Amino acid sequence: MSDQLSSSSAPLECMRNILELLPEIAAAGDERELGRAIHRRVSDILDAERVTLFLFDHRLLELRTPYHEQANPDDLIVNLRMGLAGYTAILKQAVMISDAKTEYFFNGELDAITDFNTERVLAVPIVDANAMAVGVVQLLNKTTGAFDQTDLDQAEATAIRLAEQASQDRWDVSTVREELDHLIEATRSKRGSVYRNDFEHGRLISVYASGLGETNIKLNLRLGIAGTVAISGQSLRIEDVVNDPRFDNSFDRRTGFKTRSLVAVALKGAKGELIGVIEAVNKRGGGFTREDQELLESLAKPVALMIEDRQLLHEQEAQFESLLRVLAASIDAKDTLTAGHSEGVANYSVAIARQLGFSDEDVDVVRVAALLHDYGKIGVEDSVLKKPGKLDDDEYAKIQRHASLTRGILDKIKFSRKYRYVPKIAAAHHETLDGSGYADGLHDNEIPYFAKIIAVADVFEALTADRHYREAMPVAKAQSILEQGAGIKYDSVIVSALGKHLETMAPGT
Ligand SMILES: [Fe+2]
């Protein structure tokens, strides 16, 4: 009975770990926390010495570890740009494409060095009797159009002959050359090359390359296990890692860690895109089993989807932020006399809101509204906006229109729920407590509180900023102007919050 209990508690424990991991991922503030949560939970679930999360960086084509127990994560970056020949060798798969530059794995470095423009590529692996890819035959730029099945058949026939002749480190260059020249002619290719796989150093070395002679071109394939899983999308479970040619031992050498057994699974998003790789190393008391691999695979699905969700959210935020910057910059471009004003008002508004103890979320709303408060200036004609001297009544009325224009324009932006009051707040930045302001002549409690903050920040920034056409007013004088208006035009609590902020900033100025 007790036996039964203990054997059934293991999967229960495991299930509990999985259930606890998901909210931890959702709550993780940054990628480091995410990496740590996965390390801790998955180590427990799989009884592994180490678990590493690699995240795929689409821009740099790299796998990165946000967190690592024993090492600096920067030491563990896996570069996946090993070129199409490398892709062919590692996946033991032929590649036939007509526009290399748009291909994910294309590496343009060689083109740059050899002054060549690769467009069409046909690459086939040379696979030996032990099913190892010992090399690659590659053809470039068929002169009469795209490579086709006939070309592929011929290249594969050549690869089979070369595999028979080539043992791992003894290649007969003249045979290779003869075979390749024949193939280039038969397929009407512009160039061709044969690489051999240097397993020991994890690279491809050219045996012969037409047009380049016997120059030894070396293509680095140091992908390690995680990189191989990433590019193939296939899980790997290896009992004797050290003797696996895909294993990159540089990390073990540096850290003294001894990798023995390993299981690695690709993380894929909702549409199958690569999100990253989870790798578990050294199962305690033996190697990883097929059940371990299946467990990690089933865990990888929800984990990948949650990470993808987080990433999408971050991308949306970054996109919104860059949109904000562009909008703020476009006001500055329109009104060059007050360039930097929006940014300055946003900074003061944020400082005041913090001083008043608002939450980060609220502070962010103030910041966004402050950045956009003068956006309506975009609709005010230049001759009025940039008029150097005094404005007549008509011109002043035109300037004042910017507040309601701000409202009109911002109302058209589809703000997320958090920012839904931004247009209203931004448009009320010239309202004053006594109702003498514009655009709507609102009174004290009709004015959104955040608009009152922006109003104070706006006046203070305008008075104290150093503009090219006039000198900045001393801070103390600007403060006394605001204090005179406190309770009449400006909220006195806000004015004193600005004062407190200025005290903490630069005592004595
Ligand atoms: Fe304004």
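What you see is a predicted model, and the numbers here were worked out from it, not measured in a lab.

Enquirer: Lay out the overall build of the protein chain in plain terms, naming residues and giving numbers.
Expert: The number of helices and strands found in the protein chain is 17 helices and 12 strands. Computed over C-alpha atoms, the radius of gyration of the protein chain comes to 32 Å, more than 25% over the 23 Å expected from 2.2 N^0.38 for 509 residues, which places it beyond the range of a compact globule. Its C-alpha atoms give the protein chain principal-axis dimensions of about 95 × 75 × 40 Å. Within the protein chain, residue pairs in contact and separated by at least 24 positions form 59% of the contacts whose partners lie at least 6 positions apart.

Enquirer: An account of the environment of isoleucine 447 is needed here, citing residue identities and associated values.
Expert: Within the secondary structure, isoleucine 447 is located in the loop between helix H14 (422-427) and helix H15 (449-464). Considered as a pair, isoleucine 447 and alanine 318 are 129 residues apart in the sequence and their alpha carbons are 30 Å apart. Discounting chain neighbours no more than four positions away, the residues touching isoleucine 447 are Ala428, Glu431, Leu442 and Lys452.

Enquirer: Can you explain the pairing of strand E7 (residues 189-198)? Please cite residues and give values.
Expert: Of all 10 residues that make up E7, 7 are buried, and the element is covered over most of its length. Bridging between strand E6 (residues 133-142) and E7 involves 7 bridges; their strand directions are antiparallel. Bridge assignment links glutamine 138 to a residue of E7, and that residue is serine 193. Of the strand pairs in this sheet, E7 and strand E8 (residues 203-209) are connected by 6 bridges, and their pairing is antiparallel. Among the inter-strand pairings, valine 194 is bridged to a residue of E8, identified as tyrosine 208. In this structure, the hairpin formed by E7 and E8 is closed by a connection of 4 residues, where glycine 202 is found at a positive phi of approximately 60 degrees.

Enquirer: Give me the lowdown on the domain arrangement of the protein chain, citing residues and values where you can.
Expert: Domain assignment breaks the protein chain into domain 1 (2-79 + 225-304), domain 2 (83-220) and domain 3 (335-505). Once you take the C-alpha centre of each, domain 2 and domain 3 turn out to be 65 Å apart.

Enquirer: How would you summarise the nonpolar core if you had to cite specific residues and measurements?
Expert: Of all hydrophobic cores here, the largest spans 81 residues; its most connected members are Ala230, Ala264, Val277, Ile278 and Ala280. Per-element accounting of this core gives the leading share, 8 residues, to helix H9 (residues 290-334). Domain assignment of the residues forming this core places at least three in each of domain 1 (2-79 + 225-304) and domain 2 (83-220). When residues no more than four places from it in sequence are discounted, the contact partners of alanine 264 are Ile225, Ala226, Val229, Ser235, Leu236, Val277, Ile278 and Glu279. Core analysis: the next-biggest nonpolar cluster, separate from the first, contains 43 residues, Ile447, Val459, Leu482 and Ala497 among them.

Cut-offs and rules
Residues numbered from 1 in each chain as written. Predicted model: local features only at pLDDT ≥ 70, side-chain atom pairs only at ≥ 80, totals over all residues. Helix = DSSP H or I, 4+ residues; strand = E, 2+ residues; numbered from the N terminus. Rg over C-alpha atoms; globule rule 2.2 N^0.38 Å. Contact = placed C-beta atoms within 7 Å. Buried ≥ 20, exposed ≤ 12 C-beta atoms within 10 Å, placed from the backbone. Pairing = 2+ DSSP bridges. Domains from an automatic or database assignment. Core = buried A, V, L, I, M, F, W, Y, C linked by C-beta atoms within 7 Å.

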